[in-house]
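Residue strings, one per chain:
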Amino acid sequence: MVVVASLLGIFDVSLDKLSNGELWLAQFFRGLSDGATYASVALALVMIYKSTGFINFAQGSLALLGVYLVYVFSVEQGLPVAVAVLCAMVASAVVAMFVERVFIRPFPPDHVLPLVIVTLGLLLIIDSAVGIVWGFRTRSLPSMFPTGAPIEWGIAQLTWRTIGNLGTVFAVVGLLYLLLSRTKVGLAFRAVSSNLESARLVGIRVGPTLGFGWALAAAIGTLGGALVVPDLLLEPSIMLRVLIFSLAAAALGGLDSLVGAVIGGLVVGLARNLLVTFLDLSELALATAVAVILVVLLVRPTGLFGSTRVERV
Amino acid sequence: MSGPYLEVQGLKAAYGNIQVLHGVDFSVAEGQIAVILGANGAGKTTTLRALCAMVSTEGSIKLAGEELAGHRTADIVRRGVAHVPQGRGTFPDLSVEENLLAGAFVRTDAEVQGDVQQWFETFPVLGERRNQSAGSLSGGEQQMLAIARALMLRPSLLLLDEPSLGLAPMITRSLFEQLTAINADAGTTMLVVEQNASLALGVADVAYVLEAGEVALSGPADELAADDNVRRAYLGY
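Parameters and conventions
- Residues numbered from 1 in each chain as written.
- Chains lettered and ligands numbered in written order.
- Predicted model: local features only at pLDDT ≥ 70, side-chain atom pairs only at ≥ 80, totals over all residues.
- Helix = DSSP H or I, 4+ residues; strand = E, 2+ residues; numbered from the N terminus.
- Rg over C-alpha atoms; globule rule 2.2 N^0.38 Å.
- Buried ≥ 20, exposed ≤ 12 C-beta atoms within 10 Å, placed from the backbone.
- Contact = placed C-beta atoms within 7 Å.
- Expected span 1.5 Å × (residues − 1).
- Pairing = 2+ DSSP bridges.
- Nonpolar A, V, L, I, M, F, W, Y, C, P; charged D, E, K, R; others polar.
- Domains from an automatic or database assignment.
- Axes fitted to C-alpha atoms, helices over the stretch in contact; angles between N-to-C directions.
- pLDDT = per-residue confidence, 0-100.
- Core = buried A, V, L, I, M, F, W, Y, C linked by C-beta atoms within 7 Å.
- Arc of directions from axis to C-beta.
- Parallel < 35°, antiparallel > 145°, perpendicular 65-115°, else oblique.

Undergrad: Go over the overall build of chain A, please, and point to the residues and values.
TA: The helix and strand inventory of chain A stands at 12 helices and two strands. Against the 2.2 N^0.38 benchmark of 20 Å for 313 residues, chain A shows a C-alpha radius of gyration of 20 Å, consistent with a compact globule. Out of the 313 residues in chain A, the part that is buried amounts to 47%. Sequence-distant contacts, at least 24 apart, represent 75% of the contacts inside chain A between residues at least 6 apart.

Undergrad: Lay out helix α11 (residues 258-279) of chain A with the relevant residues and their values.
TA: A turn of α-helix holds 3.6 residues, and therefore any two residues three or four places apart point the same way. Its 22 residues give α11 of chain A an end-to-end C-alpha distance of 31 Å, which sits within 8% of 32 Å, the value for a rise of 1.5 Å per residue. Positive phi appears at Asp280 of chain A, one or two residues downstream of α11 of chain A, with a value of about 55 degrees.

Undergrad: I'd like a description of the pairing of strand β3 (residues 33-38) of chain B, backed by residues and values.
TA: All names here are of chain B. Within β3, six of the six residues are buried, leaving the element largely enclosed by the surrounding structure. Neither face of β3 is open: one carries Ile33, Val35 and Leu37, the other Ala34, Ile36 and Gly38, and all of them are buried. Two elements, β3 and strand β8 (residues 189-193), share four bridges in a ladder whose sense is parallel. Bridging from a neighbouring strand, Ile36 pairs with Val193 of β8. Bridging between β3 and strand β9 (residues 206-211) involves five bridges; their strand directions are parallel. Bridged to Leu37 within β9 is Val209.

Undergrad: Explain the interface of chain A and chain B to me, and be specific about the residues and the numbers.
TA: Counting residues at the interface gives 18 residues for chain A, matched by 25 residues for chain B. Sorting the residues of the side of chain A that touches chain B by element identifies α7 (184-194) and α8 (196-201) of chain A as the ones contributing at least two each. Examining the composition of the side of chain A that touches chain B, we find that five residues originate from one element, α7 of chain A, more than from any other. Of the residues in the side of chain A that touches chain B, the class split is seven nonpolar, four polar and seven charged.

Undergrad: Which residues make up the domain arrangement of chain B, and what values do they have?
TA: Residue and element names in this part refer to chain B. Each assigned domain of chain B is listed with its residue range as follows: domain 1 (1-80 + 156-237) and domain 2 (91-154). Centre-to-centre, using C-alpha coordinates, domain 1 lies 24 Å away from domain 2. If you list the elements that add at least two residues to the side of domain 1 that touches domain 2, you get α2 (73-78) and α7 (169-186). Of the residues that constitute the side of domain 1 that touches domain 2, the class distribution is seven nonpolar, two polar and one charged.

Undergrad: Summarise the sheet that holds strand β4 (residues 56-63) of chain B; cite the residues concerned and give the values.
TA: All names here are of chain B. Ordered in space as β2-β1-β4-β5, the four strands form an open sheet in which the pairing is antiparallel. Unpaired on one side and paired on the other, β2 (18-28) and β5 (66-67) mark the two borders of the sheet. Relative to the sheet, helix α1 (residues 44-51) contacts β1 (6-15), β2 and β4, its axis offset from that of β2 by approximately 70 degrees.

Undergrad: Can you tell me about the environment of Ala186 of chain B, naming the residues and giving the values?
TA: All names here are of chain B. Tracing the sequence through the fold places Ala186 in helix α7. Residue classification places Ala186 among the partly exposed residues on the basis of 14 C-beta atoms within 10 Å. Separated by 32 residues in the primary sequence, Ala186 and Arg154 place their C-alpha atoms 8.7 Å from one another.

Undergrad: Would you mind going over the confidence of the model for chain A in detail, with residue names and values included?
TA: Summing up the model confidence of chain A, the mean pLDDT is 86 and the portion of residues at 70 or higher is 92%. Looking across chain A, the model is least confident in helix α1 (residues 2-18) of chain A, with a mean pLDDT of 53, and most confident in helix α4 (residues 81-104) of chain A, with 95.

Undergrad: Please set out the nonpolar core residue by residue, giving values where relevant.
TA: Note on soluble globular proteins: their nonpolar side chains tend to be buried together. Among the nonpolar cores identified, the biggest contains 166 residues, and Leu43 of chain A together with Val35 and Ala207 of chain B are the most heavily contacted of them. In terms of residues, this core owes the most to one element, helix α9 (residues 206-228) of chain A, which gives 13 residues. Domain assignment of the residues forming this core places at least three in each of domain 1 (1-80 + 156-237) and domain 2 (91-154) of chain B. Setting aside anything within four residues of it in sequence, one finds Leu43 of chain A in contact with Val172, Val173, Leu176, Ile220, Leu258 and Ala261 of chain A.

Undergrad: Before we move on, could you go through the environment of Leu32 of chain A and cite the residues and values that matter?
TA: Residues and elements named next belong to chain A. Its location among the elements puts Leu32 in helix α2 (residues 21-52). On the neighbour-count criterion, Leu32 (19 C-beta atoms within 10 Å) is partly exposed. The spatial distance from the C-alpha of Leu32 to the C-alpha of Ala217 is 22 Å, given a sequence separation of 185 residues. Among residues more than four places away in sequence, those in contact with Leu32 are Thr162, Leu166, Leu266, Gly269 and Leu270.

Undergrad: Explain helix α4 (residues 112-122) of chain B to me, using residue names and the numbers behind them.
TA: All names here are of chain B. Every buried residue of α4 is accounted for by Asp115, Val116 and Trp119. Considered in projection along α4, the buried side chains sweep an arc of 105 degrees and stay on one side of the axis. In α4, the exposed positions that point more than 90 degrees away from the buried face belong to Gln113, Gly114, Gln117 and Glu121. Close packing links the buried residues of α4 with α3 (96-103), α5 (124-128) and α6 (139-151).

Undergrad: An account of the pairing of strand β10 (residues 214-220) of chain B is needed here, citing residue identities and associated values.
TA: All names here are of chain B. In the sheet, β9 pairs with β10 via six bridges, with the strands oriented antiparallel. Directly across from Val206, in β10, lies its bridge partner Pro220. Between the end of β9 and the start of β10, which pair antiparallel, lie two residues, with Ala212 showing a positive phi angle near 50 degrees.

Undergrad: Please give an account of the packing of α2 of chain A against α7 of chain A that cites residues and values.
TA: All names here are of chain A. Interhelical geometry of α2 versus α7 gives an angle of 60 degrees and a closest axis separation of 6 Å. When the axis of α2 is compared with that of α7, the two are oblique. Between α2 and α7, the residues in contact are Lys50, Ser51 and Thr52 and Phe189, Val192 and Ser193, respectively. Partitioning the contact of α2 with α7 into residue classes produces two nonpolar, three polar and one charged.

Undergrad: With reference to specific residues and values, describe the sheet that holds β10 of chain B.
TA: Residue and element names in this part refer to chain B. One open sheet holds the six strands; their spatial order is β6-β7-β8-β3-β9-β10, and the pairing between them is mixed. The open sheet is flanked by β6 (81-84) and β10, the only strands paired with a single partner. Here the strands of the sheet are splayed against their neighbours by 15 degrees on average, with no regard to which way each runs. With five bridges connecting them, strand β7 (residues 157-161) and β8 associate as parallel partners. Pairing of Leu160 across the sheet is with Val192, part of β8. Those strands touched by α1 are β3, β6, β7, β8 and β9, and its axis lies near 150 degrees from that of β7. Running over the sheet, α6 touches β6 and β7 and is turned about 170 degrees from β6.

Here's what the structure looks like:
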């Protein structure tokens, strides 16, 4: 009886909601905003994946550290939020270079499994260190963008924050694309990921190239965190949840595609918000991310935009 | 300059506990083509890898009188040593043109683009496919690309590991003609490891025969080609 009643209840609510255009539009905007934040963290994952060929699980932790630095610079030191974000991006990039030099470089770059284990270890260490330094109490972090909404339809608001999040992500992906395709550093990056031995043989210094990749990814991750966290509350496990959505976004986009990461992020953000509204099950939000990963791996392991490696023998 | 351009003395190399080279001595004069012959496992590839610090080594490697041993691969490349490794010397995910640009990675002069165009003229098939990913080229085209990629460095010493591997005999012959032409035009010193001994001895000035990680025979290429032991072991007649 109870089960039937609750099932009916869900159905009822859904039917009711289906006809509520404003609610859907509101969730659509929220989905875009969330999606942009997942996309920005996914871009960090993709950058590392492109250069090293593995998923860096410590990426979320470096972003977590970066976001706490944003908190320190903005709330504690009183800097404007945008300036605080820039400072934190630089600081987390420096930390990432240090981490790469000390913990990653001793391992051969083509032995992926030990490296993945090391990044898992780093995830635990950095998350705990953040907990020790800043404690586990939740804090609120201001957004870089003004509050308010320039466009409104009833409860559906296109806020400055949504616009800002989307704009930031498109700017980042544009800059990364230019960096990778038009600069010598970008060429070195792609050469290292394509053929490590030949990269050495043309004189590319592999270690510093990967170190630069870590620094860049950490800075992007920090920026992504600074977009996400103002919607939530800052606490030491916050980026772990974001990381799962971003992993889903990166997997959907194809792991090595920048554009794929952005589209994957937006799709995951929209899917999460719209499905949650339709099913009225906010507890299952995280499960939608895992479901996306599962379906992608089963149906199309290279993702939507991932490159299938062409190699004639 | 007095003395040989490349002088290797007492070169030892090992993969983990397995000693592959047991003290190899050889030298190549500037502008010469030298060939290293030997059976499988004799240490030919390891010798080339040792010159580029891609395997742990002991001994002395002097290039134009300067010691290379102890330097990293990236620094040795900056001294003008280009290496075409066995098999795949290209970047399969990069376009043909980007492969050539990567080959000139350490160059800072303004003539890089001109050199790219020049290689597209030398190997027209590469020019036609400049925007295609290198991985989609055929084996022969990839070998051409790998060699052009190495020459984009404008090296003073070119190391070639089995350039004929997997190539049709016709293509191999034209490849060796290209190499001798480059050697004559640019004066690039070359050290070639090659299974096709008769072809290699035909273009080389000096030859070394490696056996079990040591130099067993050495001398001018034409003398070795006439040597009964070399003929029986490597030329097969």
